[in-house]
Amino acid sequence: MSTTNSTVESTTIDAGAGITLRARIFKPNDNNTHNSGNNNKMGIVLIHPYSIMGGCQGLLRGIASGLADKGYLAVTFDMRGVGRSTGRASITGFPEVKDVVAVCKWVCENLGIGRILLVGSSAGAPIAGSAVDQVEQIVGYVSIGYPFGFTASILFGRHHGAILKSPKPKLFIMGTRDGFTSVKQLQAKLSSATGPVETHLIEGKIPDDLEECQVSVMLLPKNLSRLDVSPFVAAKRLFNITGSSTILAYSRIGRPLNDYLSPSFACNTHREKKQKICLNKTK
């Protein structure tokens, strides 16, 4: 399958112990890629929400497509027990950490990737966070709606320490009316975090049906932009961003995103369901 600026390929990845994972690779066209040099090529691996509650790689299709269209290789996959992946989904997500590690290593070995930005959505965030320090090539982490709340911590609390203690750059994105974690709970958790850490709040809730969203802007924490190895530096090239910025923009498929990407927009602008954008630019 192909679009104007990217192509999508399906593959199967061996996760060991008899587990095979179905994955999709969203590749930018050769004349559209921002990567250069085998040792410096960056890939973005996305981890889907809770398998037990219906999470699957299809929910991240819009994000992956948007990244590939902007010149960045993106990979999604179904964790064990989901879709056509074999095995059985777990309740706590610890076996799935092995899936994340296996996919990241496969991406590096088979796609010529030297750096990985790991992105986890909802319950995929703690699972991804537990894998961050298990793969050397993972150089940054982005969480979309990490479930830090009390109830969710019953299931995922044992994952918290891994990402909070990681020295690698990390960014936590959350809606101000998230159903699992309050802003206060997020701030309390991150107060003990090690290494560069940034938060970005979006007014309201992040859409559950991410498969209908087209994300076109990666996230650039201001305190990470000076790191030579940081994948966030590459985000500047997406829209010729200058200075230090934190940006998240998305909209429903069907309306050009560039319509929304004006610096005149204020942070935490809350629009109706079909059109949302949050942009905060620090000069």
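Each remark here, short or long, concerns the structure printed above.
Rules of the game
Residues numbered from 1 in each chain as written. Predicted model: local features only at pLDDT ≥ 70, side-chain atom pairs only at ≥ 80, totals over all residues. Heavy atoms only, no water. Patch = residues over 30% accessible without salt bridge, like charges linked within 9 Å, V, L, I, M, F, W, Y side chains within 5 Å. Areas by Shrake-Rupley, 256 points an atom, 1.4 Å probe, with all protein chains shown as cover. Salt bridge = Lys/Arg side-chain N within 4 Å of Asp/Glu carboxyl O. Buried < 20%, exposed > 50% of the residue type's maximum accessible area, 1.4 Å probe, protein only. Helix = DSSP H or I, 4+ residues; strand = E, 2+ residues; numbered from the N terminus. Pairing = 2+ DSSP bridges. Axes fitted to C-alpha atoms, helices over the stretch in contact; angles between N-to-C directions. Contact = heavy atoms within 4.5 Å.

Enquirer: Could you give me a rundown of a nonpolar patch on the surface, with the residues and numbers involved?
Expert: A surface patch of nonpolar side chains, about 340 Å² in accessible area, is lined by Ile52, Met53 and Ile91. For Ile91, a relative accessible area of 52% gives the class exposed.

Enquirer: Which residues make up the pattern of salt bridges, and what values go with them?
Expert: Under the criterion given, the structure shown has two salt bridges. For Lys27, the salt bridge identified is with Glu9, shortest N-O distance 3.3 Å. Note that Lys27 is positioned in strand β2 (residues 19–28) and Glu9 in strand β1 (residues 6–16), a separation of 18 residues in sequence. Exposure remark for Glu9: the relative accessible area of 36% places this residue in the partly exposed category. A salt bridge links Arg80 to Asp99; the shortest N-O distance between them is 2.8 Å. Highlighted residues: Arg80 in the loop between β4 (73–77) and α2 (94–110) and Asp99 in helix α2, separated in sequence by 19 residues. With a relative accessible area of 11%, Arg80 lands in the buried category. For Asp99, a relative accessible area of 0% puts it in the buried group.

Enquirer: Provide a residue-level description of the sheet that holds β2, including the pertinent values.
Expert: Strand order across the open sheet formed by eight strands is β1-β2-β4-β3-β5-β6-β7-β8, with mixed pairing between neighbours. Each edge of the open sheet carries a strand with a single partner, namely β1 and β8 (197–202). Between one strand axis and the next, the sheet turns through 20 degrees on average, direction left out of account. Strand direction decides the pairing type here: strand β3 (residues 42–47) and strand β5 (residues 115–121), joined by six bridges, are parallel. The residue of β5 that forms the bridge with Ile47 is Gly120. Each of β1, β2, β3, β4, β5 and β6 (138–144) touches α2; the most contacted strand, β1, lies at about 125 degrees to it. Packing of helix α3 (residues 124–131) onto the sheet brings it into contact with β3, β5 and β6, and relative to β5 it is tilted by some 150 degrees.

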